[in-house]
Amino acid sequence: MSTLVTLPVLLPVLGAALTVLAARSARTQRLIGIVVLAAVSVVAAVLLVAAHRDGPVVAELGGWPAPVGIVLVADRLSALLLLISTVVTLAVLVYAIGQRISDYGRETASTTFHPIFLLLSTGVSLAYLTGDLFSLFVAFEIMLAASYVLITRRTSASRIRSGMTYVIISLTSSLLFLTTIALVYAATGTVNLADLAGRVAELPAGLRTLLSMLAIVTFGIKAAMVPLHFWLPDSYPNAPAPVTALFAGLLTKVGVYALLRTQTLVFPGTGPSAVLLVLAVLTMVVGALGALAQDDLNRLLSFLLVSHIGFMLFGLAVYDARGAAGTALYIVHHITVQATLFLVSGLITRRTGTVSIDAMGGLAKRSPALAVLFAVPALTLAGIPPTSGFVAKLALLQAGTGDVATAVVAGFVVLASLLTLYAVVRVWVRVFWGTEKEPLPDPDPTDELVVGTARASRPMYAATVALVAVSIAIAAAAGPLSAVTERAGSDLLARVPYIEAVLG
């Protein structure tokens, strides 16, 4: 079983190498990518069952035991997030393949897209499974390098400038992360997370607080937490739809996962965190208000993404098992629904030729299916019963009832949900109702953002429908899924199962 833990990291690397060798055969590249991600999904499902039944599954790389060697750990939380992330990545790949077929034909291969796409999946898998801080840093660097290539492929100079903002901020965060690792190692002599759980507790209180704040700032940048969010609305909307969907669905959640893992295992709290509660409120409110001010559909969705990061921070800030479980459940829901919304946005853009909401209208008459595809994830994001968003928000609200401060912040959860509902309903009314408007021509036919053509292949719709179905399945399986996340939350706060599994 421990061998399986390495496969979600190794298989995408091997697949990336094979797609480079198959650079002249588009069909071979597509087949390799789909088979690899499907295999990783199966492995993640097996690891989730094993972790839920028997506890964390650990792989000691090179035969070196922890804390000296590098270990990969699949517990309930990491296996669950790995599974949902890989399923979403597979759906996005199918969408991207359909888009490339529509734009360039079936026989046009790519020398960079498929290898880089699989390397990004490698970084995400490593981030979820790694058991030490330095390997987590490596995972973030793999994701950064791959995402920069994806965000700047076949695009314009203005979009490259927007991508540079993303890269500069990410490099700054990486430098801060490396500094944090150096300080942690200097103070404790280890970077293994399970080993740090005991050694950090022996440090002076002031030093523990400093290291904890450095970790919050580092991962807060990657998670787009207010006031460290400013890079996201300028970067994500400028990439092609499948790339934006993958970034929005996965990358920020990896930052939230890193926060959740380190703040519960390495820097455990003894009660609600005032700092994180304030940051959660600011993130929820600023993101929602920013969305209401947007005319650009992708920027609006980006600000809503920021707002809902605050929901996850709220669950972490409660610092109990119910809060951690609520955050885990919300991450699972949000990975799916946010990626779906950006895929739908790509379909809308291809039909209308613009991202301006004011320039759209009457789309429901031409494409009623597209109206439904937008409505379902939009209402899910707003948390309308009985969607997965409602189930996840209910878990967070229940976690916030045990303290006056958390109860107040729970009120902001309701407020941000209402603002989200208003934002997505306003988009639906302006885009799909009203007078039907003619699509605008593509302003830059040389880039990969092909718009206004009304061409969307069946795989693009199939991938989007599949993600909508996954979101519905999450709501339908709310009982068993909540049982998994509740056990995961209890393990996070107890810390003992993880530490014993790694250190023996």
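In the block above lies the structure referred to throughout.
The structure contained in this document is the topic of the report that follows. (Residues numbered from 1 in each chain as written. Predicted model: local features only at pLDDT ≥ 70, side-chain atom pairs only at ≥ 80, totals over all residues. Heavy atoms only, no water.)

## Focus: helix α15 (residues 368-382)
Quick reminder of the rule: For helices the rule is a DSSP run of H or I covering at least 4 residues; for strands it is a run of E covering at least 2, with both sets numbered from the N terminus onward. Multiplying 1.5 Å by the residue count of a helix minus one yields the expected span of that helix. Partly exposed residues are those whose accessible area sits between 20% and 50% of the maximum for their type, while under 20% is buried and over 50% is exposed, using a 1.4 Å probe and protein chains only. In what follows, residue pairs with any heavy atoms lying within 4.5 Å of each other are defined as contacts.
The end-to-end C-alpha separation of α15 is 21 Å, in line with the 21 Å expected for 15 residues at 1.5 Å each. Residues of α15 that are buried include every one of L370, A371, L373, F374, P377, A378, T380, L381 and A382, and no others. Packed against the buried residues of α15 are α12 (297-318), α13 (321-352), α14 (363-366), α16 (388-399), α17 (404-432) and α18 (458-476). Phi for G383, located one or two positions after α15, is positive at around 85°.

## Section: helix α1 (residues 2-21)
Because each turn of an α-helix spans 3.6 residues, side chains separated by three or four positions end up pointing in the same direction. Selection criterion: Axes are fitted to the seven residues ending at a residue and to the seven starting at it; the angle between these axes is taken as the bend at that residue.
Spanning 20 residues, α1 covers 30 Å between terminal C-alpha atoms, matching the ideal 28 Å at 1.5 Å per step. Along α1, the sharpest kink reaches roughly 40°, centred on P8. Among the residues of α1, V5, T6, P8, V9, P12, G15, A16 and T19 are the ones counted as buried. Contacts made by the buried residues of α1 are with α2 (26-54), β1 (57-60), β2 (71-74), α3 (76-104) and α4 (113-129).

## Some thoughts on the packing of α12 against α17
As a reminder, the rule being used: In this description, a line fitted to the C-alpha atoms serves as the axis of each element, helices being fitted only across the stretch in contact, and the angle between N-to-C directions of two axes falls anywhere from 0 to 180 degrees. Angles below 35 degrees are treated as roughly parallel, those above 145 as roughly antiparallel, those between 65 and 115 as roughly perpendicular, and all remaining angles as oblique. Left-handed describes a crossing whose near helix is turned anticlockwise from the far helix through less than a right angle; right-handed describes the clockwise counterpart.
Two elements in contact, α12 and α17, have axes whose closest approach is 11 Å; the angle formed by their N-to-C orientations is 160°. Between α12 and α17, the crossing angle belongs to the class labelled roughly antiparallel. Our pair here, α12 against α17, has a crossing hand that is left-handed. Taken together, the residues of α17 that come into contact with α12 (itself represented by L297, L300, L304, S307, H308, F311, F314 and V318) are T406, V409, A410, V413, A416, S417, T420, A423, V424, R426 and V427.

## Things to note about the packing of aromatic side chains
For clarity, the threshold we go by: The aromatic pairing rule takes the rings of Phe, Tyr and Trp, using the six-membered ring of Trp, and pairs them if the centres are within 6.5 Å, calling planes under 30 degrees apart stacked, those over 60 edge-to-face and the rest tilted. Working rule: Lys NZ or Arg CZ, within 6 Å of ring centre, within 35 degrees of ring normal, means a charge sits over the ring.
Here the structure, examined in full by the defined rule, presents 13 aromatic pairs. Through a chain of ring-to-ring contacts, the aromatic side chains of F134, F137, F140, F177 and F219 assemble into a single cluster. Between K222 and the ring centre of F140, over which it is positioned, the NZ or CZ distance is 4.7 Å.

## A word on the packing of α3 against α4
Worth spelling out the cut-off: We call Asp, Glu, Lys and Arg charged. Ala, Val, Leu, Ile, Met, Phe, Trp, Tyr, Cys and Pro are nonpolar, and the rest, Gly among them, are polar.
Contact geometry for α3 and α4: axes closest at 10 Å, N-to-C directions at 170°. Looking at the two axes, α3 sits roughly antiparallel to α4. Residues S78, L81, L82, S85, T89, V92, L93, A96 and I97 of α3 lie in contact with α4, whose contacting residues are F113, H114, F117, S121, V124, S125, Y128 and L129. Here the residues of the contact of α3 with α4 are counted per class, giving eleven nonpolar, six polar and no charged.

## A look at the pattern of salt bridges
Side chains that differ in charge, positive against negative, can pair when their charged atoms come close. The condition is simple: Each reported salt bridge corresponds to a side-chain nitrogen of Lys or Arg within 4 Å of a carboxyl oxygen of Asp or Glu.
Taken as a whole, this structure holds seven salt bridges when the rule is applied. Between R430 and D295 there is a salt bridge; the shortest N-O distance is 3.8 Å. With a gap of 135 residues between them, R430 in helix α17 and D295 in the loop between α11 (274-292) and α12 connect regions that are remote in the sequence. According to the relative accessible area criterion, R430 is partly exposed, its value standing at 26%. Ionic pairing is found between D358 and R430, a salt bridge with its closest N-O pair at 1.9 Å. Residue D358 is found in the loop between α13 and α14, and its partner R430 is found in helix α17; the two are separated by 72 residues along the sequence. Exposure remark for D358: the relative accessible area of 47% places this residue in the partly exposed category. Shared partners join several salt bridges into a network, and the residues in it are D295, D358 and R430.

## Details of the nonpolar core
The criterion, for reference: Buried residues of nine kinds, namely Ala, Val, Leu, Ile, Met, Phe, Trp, Tyr and Cys, make up a nonpolar core once their side-chain atoms join them within 4.5 Å.
Ranked by size, the top nonpolar core spans 167 residues in total, and within it Y236, F314 and I348 carry the most contacts. The contact partners of I348, leaving out residues within four places of it in the chain, are L297, M360, L363, L370, F374, V431 and F432.

## Notes on the pairing of β2
Counted only if it meets this: Criterion used throughout: strands pair if DSSP finds at least two bridges between them.
Residues of β2 alternate between two faces, with V71 and V73 on one and L72 and A74 on the opposite face, all of them buried. Judged from the four bridges that link them, β1 and β2 form a sheet pairing that is antiparallel. Of the residues in β2, the one forming a bridge with V57 is A74.

## Observations regarding unusual backbone geometry
Apart from glycine, the bulk of residues carry a negative phi angle, and the bulk of peptide bonds sit in the trans form. Cis geometry marks the peptide bond from V226 to P227, where omega comes out at 10°. The residue P227 is located in the loop between α8 (205-223) and α9 (232-235) in this model. In this model, P385 is joined to P386 through a cis peptide bond whose omega is 0°. Summarising the element assignment, P386 is placed in the loop between α15 and α16. Positive phi, normally seen in glycine, also occurs at Y319, with a value near 55°. Looking at Y319, the relative accessible area reads 12%, which means it is buried. Of note in this structure, R495 is not a glycine but carries a positive phi near 70°.

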